[in-house]
Amino acid sequence: MKIICIGRNYAEHAKELKNTLPEKPVFFLKPETALLRRNRPFFYPDFSNDIHYEVELVVKISKVGLHIQEKFAHNYYDEIGLGIDFTARDLQTEQKKKGLPWEIAKAFDNSAPISPFISKKEFDDIQKLPFSLQINGKVVQDGTSADMIFSINKIISYVSQFVSLKIGDLIFTGTPAGVGPVKIGDQLTGFIKNKKMFSFEVK
Ligand code: MG
């Protein structure tokens, strides 16, 4: 399986990182080794001094597809979860300056903690879904999928023009504003609506 991540999908977040708004979805990949499941702790890596959290809704692909039309994209996922797109912001800033790929800042081991997945049928409207992240009990990100620049269906359609989607692939759909650094000892707890999806420690 592969992990596809969308960048700059919320205007307020693009602004906080001083990025221009994209005209098309921006995406990058993380390998399977990035996954961190079952609330296992995240060990702060020694190659960075500025690891940032980015809470994101995550879509799990349920059907093989290529060149998916936007109007059919909803048939390609059944479940939704919540994850963190951990980013070594110091390394990413260096790479961006040089116009180089982001992998060292984005694709490292355990950079993609994820929650269990729940059926999308549990929600009335997947494009009006509030989600949030707390660190040590304090809300640091509070977003809604209504603010996505590119909808989930648009993302699935766009990505599948280039890359075949396979069952079990995950799409991280971008982060709202409020990203920031984590430190050792922090407890990260994520919610979709009022439902606690994950809670893990940075060690
Ligand atoms: Mg992200």
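Given the structure is predicted, the values throughout are model-derived calculations rather than measurements. (Residues numbered from 1 in each chain as written. Predicted model: local features only at pLDDT ≥ 70, side-chain atom pairs only at ≥ 80, totals over all residues. Heavy atoms only, no water.)

### A closer look at helix α2 (residues 89–98)
Here comes step 1: When α2 is considered as a whole, its buried residues turn out to be Arg89, Gln92 and Gln95. With its buried residues spanning 120 degrees around the axis, α2 presents them on a single face. Pointing more than 90 degrees away from the buried face of α2 are the exposed residues Lys97 and Lys98.
Here comes step 2: Buried residues along α2 sit against α1 (11–16), β4 (51–53), β7 (87–88) and α3 (103–106). (Buried < 20%, exposed > 50% of the residue type's maximum accessible area, 1.4 Å probe, protein only. Helix = DSSP H or I, 4+ residues; strand = E, 2+ residues; numbered from the N terminus. Arc of directions from axis to C-beta. Contact = heavy atoms within 4.5 Å.)

### A closer look at the sheet that holds strand β5 (residues 55–61)
Here comes step 1: A sheet is described by the order of its strands in space; here 6 strands give the open sequence β2-β1-β12-β5-β6-β9, paired in mixed fashion. Sheet topology places β2 (26–30) and β9 (118–119) at the edges, where each strand pairs with a single neighbour.
Here comes step 2: Two elements, strand β1 (residues 3–7) and β2, share 5 bridges in a ladder whose sense is antiparallel. Looking across to β2, one finds that Gly7 is bridged to Val26. (Pairing = 2+ DSSP bridges.)

### Section: the environment of Ile135
Here comes step 1: Considering the arrangement of structural elements, one finds Ile135 in strand β10 (residues 130–135).
Here comes step 2: Judged by relative accessible area, Ile135 falls into the buried class, the value being 10%.
Here comes step 3: Apart from residues no more than four positions distant in its own chain, Ile135 is found in contact with Tyr53, Val140, Val182, Asp186, Gln187 and Leu188.

### Describing the coordination of the magnesium ion
Here comes step 1: The protein atoms that coordinate the magnesium ion are Glu54 (OE), Glu56 (OE) and Asp85 (OD), at distances of 2.0 to 2.1 Å.
Here comes step 2: Of note, the donors binding the magnesium ion are all from one chain and are spaced E-x1-E-x28-D. In this pair, Glu56 sits in strand β5 while Asp85 sits in the loop between β6 (77–84) and β7, placing the two residues 29 residues apart along the sequence. The pair Glu56 / Asp85 is uniform in exposure class, with both members buried. (Donors = N, O, S within 2.8 Å, 3.2 Å for Na, K, Ca; no water.)

### Side note on the packing of aromatic side chains
Here comes step 1: Scanning the entire structure with this criterion turns up 9 aromatic pairs.
Here comes step 2: Centre to centre, the rings of Phe27 and Tyr158 are 6.4 Å apart; their planes meet at 80 degrees, and the pair counts as edge-to-face. Separated by 131 residues along the polypeptide, Phe27 in strand β2 and Tyr158 in helix α4 (residues 152–159) bring together distant segments of the chain.
Here comes step 3: Between the NZ or CZ atom of Lys63 and the centre of the ring of Tyr76, over which it lies, the distance is 4.7 Å.
Here comes step 4: One cation-aromatic arrangement involves Lys120 over Tyr77; the distance from NZ or CZ to the ring centre is 4.2 Å. (Phe/Tyr/Trp six-rings, centres within 6.5 Å; stacked < 30°, edge-to-face > 60°. Lys NZ or Arg CZ within 6 Å of the ring centre and 35° of its normal.)

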